[in-house]
Amino acid sequence: MKNDVSLALVAGEASGDMLAARLLAGLRPLLPDARFHGIGGPRMIEQGFVSDVQMDTLTVRGLFEVIPRYPELKRIQNGLRDRLLRERPAAFIGADYPGFNLGLEEQLRAAGIPTVHFIGPQIWAWRGGRIKKIQRAVSHMLVIFPFEEAIYRDAGVPVTYIGHPLAETIPLVPDVAAARRALGLNPDARVVTVMPGSRMGELKYLAEPFIRAVKLLGARDPGLTFVVPMVGERQRAYFDELVVKAGLQDVELQVTAAGSHTAIAAADAVLVASGTATLEVALFKKPMVIAYKVMAASYAIMRHMGYQPWIGLPNILAREFLVPELIQHAATPEAMADAVWAQLQNAAGRERLAGRFLEMHHSLLRDSARASAEAVLGVIGRGHKAA
């Protein structure tokens, strides 16, 4: 019997693209003749996925920032919904991006199409009322943090903990020397990696204060080397323009397309925008300072909707402030520079952090591709194929 099934997936940003690509890597050997299509990015496409719409079309950040884009996003959602209702795929899989995917999943599930959501929205952090919509929209939830299983199970949502894909792709012991060789860095340099975000929405709020923090650190220690991983020509051009305006000609700064993992592995400390990148830094066992800024109106709403004092994933997983978080008005260049400098000067603190992050790494380590694939096969009634 051929596995000639069709599965539809949607990822709206780079983190979802990475997660969905891992799922597809697990599904492809089990369903070799399946058709995977929808909306996705380059990593999904590498797995044989056909993207009907460019993923960048969906990318938007913040609460108020989405308003001018809403008609376009709704048109895309409705068009995809109508096409899938005609095609009747074996299942729809939403890769993160809950604002778009949960609404689509609710409509598809009501029409009898099974839905899988990957990963669980952070209802444990904010917007807990969203669980009611999840109960209506999601046939099966895939979660990447161990504490999430009980939350969804208690709410009556079928759930599988699959581990975090990043825990498999990042080595338990990073090769600092190899990363520095790849970037052409002095093996003995003190390196600060700077990660102001991969999306233009993030860069517009974070790039300038991050660059000013770099200038302050460079003045404090001219021997510091700064590495900035930057994806996309548009993002790099925007960042390079700000670097020139800031007058960083006396600072050793390298903007690289080599990839964030190489840049993180090479670092002694990292200044990073809040998001999935903070977990990447933790899995590389690096000290970090987390910063976050959005439109003032968005922040005014969001800060009243949170349920816990942390926004950085390493702190959330640890249930304590392992690393500093500088949010909105607190995310000044001076505060960021001081916090990074404190970490560079504290060798014992860096060693303690590395130990905590190693424990975190082990807790997230599973065969996520196989676990997620088996869960999807169970949803579409082909669980025996995973045996």
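These numbers come from a predicted model, not from an experiment.

Asks: What is the right way to look at the pairing of strand β9 (residues 224–229) in this model?
Replies: Here is the key point about a regular strand: its side chains alternate between the two faces of the sheet. Within β9, 6 of the 6 residues are buried, leaving the element largely enclosed by the surrounding structure. The side-chain alternation of β9 yields two buried faces, one formed by Leu224, Phe226 and Val228 and the other by Thr225, Val227 and Pro229. The pairing of strand β8 (residues 190–195) with β9 spans 4 bridges and is parallel. In the strand pairing of β9, Thr193 is matched with Val227. Running through helix α9 (residues 200–220), the crossover from β8 to the neighbouring parallel element β9 is right-handed. Pairing of β9 with strand β10 (residues 252–256) involves 5 bridges; the strand directions are parallel. By the bridge assignment for β10, Val227 is matched with Gln254. Between the parallel pair β9 and β10, the chain is carried across by helix α10 (residues 233–246), and the sense of this crossover is right-handed.

Asks: Which parts of the structure should I look at to understand helix α17 (residues 368–379)?
Replies: Owing to its 3.6 residues per turn, the α-helix aligns residues three or four sequence positions apart on the same side. For α17, built from 12 residues, the straight-helix expectation of 16 Å at 1.5 Å per residue is met to within 8% by its first-to-last C-alpha distance of 17 Å. Among the residues making up α17, those that are buried are Ser368, Ala369, Ser372, Ala373, Ala375, Val376 and Leu377. A positive phi of about 80° marks Gly381, the residue just after α17.

Asks: Hey, could you run me through a nonpolar patch on the surface in this one?
Replies: Together, Leu172, Val173, Leu358 and Leu365 make up an exposed nonpolar region whose accessible area comes to about 320 Å². Residue position: Val173 is located in the loop between α7 (165–169) and α8 (176–183). Residue Val173 is classed as exposed on the basis of its relative accessible area of 69%.

Asks: What is the right way to read the pattern of salt bridges from this model?
Replies: Counted by the stated rule, this structure contains 12 salt bridges. One salt bridge in this structure joins Asp221 and Arg190, with 2.8 Å as the shortest N-O distance. Of the two residues, Asp221 is situated in the loop between α9 and β9 and Arg190 in strand β8; the sequence distance between them amounts to 31 residues. For Asp221, a relative accessible area of 19% gives the class buried. The salt bridge partner of Lys245 is Glu241, with a shortest N-O separation of 3.5 Å. Highlighted residues: Lys245 and Glu241, both in helix α10, separated by 4 residues, approximately one helical turn.

Asks: Which parts of the structure should I look at to understand the pairing of strand β2 (residues 35–40)?
Replies: Counting buried positions along β2 gives 5 out of 6 residues, so the element sits mostly inside the fold. Here strand β1 (residues 6–11) pairs with β2 via 5 bridges, running parallel. For Leu9, the partnering residue across the bridge sits in β2 and is Gly38. Taken together, β1, helix α1 (residues 14–27) and β2 form a β-α-β motif whose crossover is right-handed. As paired strands, β2 and strand β3 (residues 50–54) are joined by 4 bridges and run parallel to one another. Paired with Gly38 across the strands is Ser51, a residue of β3.

Asks: I would appreciate a short explanation of the nonpolar core in the present structure.
Replies: Generally speaking, soluble globular proteins have nonpolar side chains that are buried together. Among the nonpolar cores identified, the biggest contains 91 residues, and Leu7, Leu9, Leu27, Phe118 and Met288 are the most heavily contacted of them. Built from parts of two domains, this core gets at least three residues from each of domain 1 (6–163 + 366–384) and domain 2 (176–364). Not counting chain neighbours up to four residues away, the residues in contact with Phe118 comprise Leu19, Ala20, Leu23, Ile93, Gly94, Ala95, Asp96, Leu142, Ile144 and Ile162. Grouped together as the second largest cluster of nonpolar side chains are 35 residues, Met230, Leu248, Ala291 and Ala337 included.

Asks: Hey, could you run me through the sheet that holds strand β6 (residues 140–143) in this one?
Replies: Paired through backbone hydrogen bonds, the strands of a sheet run either parallel or antiparallel to each other. Read across the open sheet, the 7 strands follow the order β3-β2-β1-β4-β5-β6-β7; overall the sheet is parallel. With one partner strand each, in any of the chains shown, β3 and β7 (159–161) form the two edges of the open sheet. Averaged over all pairs of adjacent strands, the angle between strand axes in this sheet comes to 20°, irrespective of strand direction. Here strand β5 (residues 115–118) pairs with β6 via 3 bridges, running parallel. The residue bridging Val116 from the neighbouring strand is His140, located in β6. Running over the sheet, helix α3 (residues 70–87) touches β1, β2, β3 and β4 (91–95) and is turned about 170° from β2. Here α17 sits on the sheet and contacts β1, β4, β5, β6 and β7; the angle it forms with β6, its principal contact strand, is near 180°.

Reading guide: rules and limits
Residues numbered from 1 in each chain as written. Predicted model: local features only at pLDDT ≥ 70, side-chain atom pairs only at ≥ 80, totals over all residues. Heavy atoms only, no water. Buried < 20%, exposed > 50% of the residue type's maximum accessible area, 1.4 Å probe, protein only. Helix = DSSP H or I, 4+ residues; strand = E, 2+ residues; numbered from the N terminus. Pairing = 2+ DSSP bridges. Right-handed = clockwise from strand over helix to strand, strands pointing away. Expected span 1.5 Å × (residues − 1). Patch = residues over 30% accessible without salt bridge, like charges linked within 9 Å, V, L, I, M, F, W, Y side chains within 5 Å. Areas by Shrake-Rupley, 256 points an atom, 1.4 Å probe, with all protein chains shown as cover. Salt bridge = Lys/Arg side-chain N within 4 Å of Asp/Glu carboxyl O. Core = buried A, V, L, I, M, F, W, Y, C linked by side-chain atoms within 4.5 Å. Domains from an automatic or database assignment. Contact = heavy atoms within 4.5 Å. Axes fitted to C-alpha atoms, helices over the stretch in contact; angles between N-to-C directions.

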